[in-house]
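Remarks on the overall topology
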Amino acid sequence: QVQLVESGGGLVQAGGSLRLSCAASGNIFRIYNMGWYRQAPGKQRESVAIIQAAGITNYADSVKGRFTISRDNAKNTVYLQMDSLKPEDTSVYYCNAHIAVGLGAVENYWGQGTQVTVSS
């Protein structure tokens, strides 16, 4: 019914920048919260940044001041601008969205993940 596709991951040196994108497609009635999560090997998946439909944002303490989440509702797309990257930011980053499909209930959807690797 709904697909989330991430892009923009890659390899960057410490101090560099990347911008992740996530586009939702399908029979979408309305998208509510959107966010980015990450999961490194041996660790649990953690919330990185969340943005509500009205634009209110929430960031993990570890990325405050370095990452910026934004969204384009007309394009059903959420972005994550990552600056001053650190090796500890290395992870697979997943897009998440709460979406109402047609007249159905709001459900939680996940993207396939995109690898971000930060070298020292």
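Right above here is the structure, for reference.
Below or above, wherever it landed, is the structure these notes cover. Being a predicted model, the structure only gives us computed values, none of them experimental. (Residues numbered from 1 in each chain as written. Predicted model: local features only at pLDDT ≥ 70, side-chain atom pairs only at ≥ 80, totals over all residues. Heavy atoms only, no water.)

Moving on: the nonpolar core. Within the largest apolar cluster, 30 residues are counted, with the highest numbers of intra-cluster contacts made by Leu 4, Trp 36, Leu 80, Met 82, Tyr 93 and Ile 99. By residue number, the principal contributor to this core is strand β9 (residues 91-101), which donates five residues. The residues contacting Met 82, other than those within four sequence positions of it, are Gly 16, Ser 17, Leu 18, Leu 20, Arg 66, Phe 67, Tyr 93 and Val 116. (Core = buried A, V, L, I, M, F, W, Y, C linked by side-chain atoms within 4.5 Å. Buried < 20%, exposed > 50% of the residue type's maximum accessible area, 1.4 Å probe, protein only. Helix = DSSP H or I, 4+ residues; strand = E, 2+ residues; numbered from the N terminus. Contact = heavy atoms within 4.5 Å.)

Right, let's get into the packing of aromatic side chains. Applying the stated rule across the entire model yields one aromatic pair. An angle of 65° between the planes, with centres 5.0 Å apart, marks the rings of Tyr 37 and Trp 110 as edge-to-face. On the criterion of sequence distance, the pair formed by Tyr 37 in strand β4 (residues 28-39) and Trp 110 in strand β10 (residues 106-110) is long-range, its members being 73 residues apart. Residue Trp 110 is classed as partly exposed on the basis of its relative accessible area of 35%. Geometry around Tyr 94 places Arg 45 over its ring, the cationic atom sitting 3.8 Å from the centre. The ring of Trp 110 carries Arg 45 above its face, with NZ or CZ at 4.7 Å from the centroid. (Phe/Tyr/Trp six-rings, centres within 6.5 Å; stacked < 30°, edge-to-face > 60°. Lys NZ or Arg CZ within 6 Å of the ring centre and 35° of its normal.)

Interpretation note: all reported values are geometric properties and have no functional meaning in isolation.
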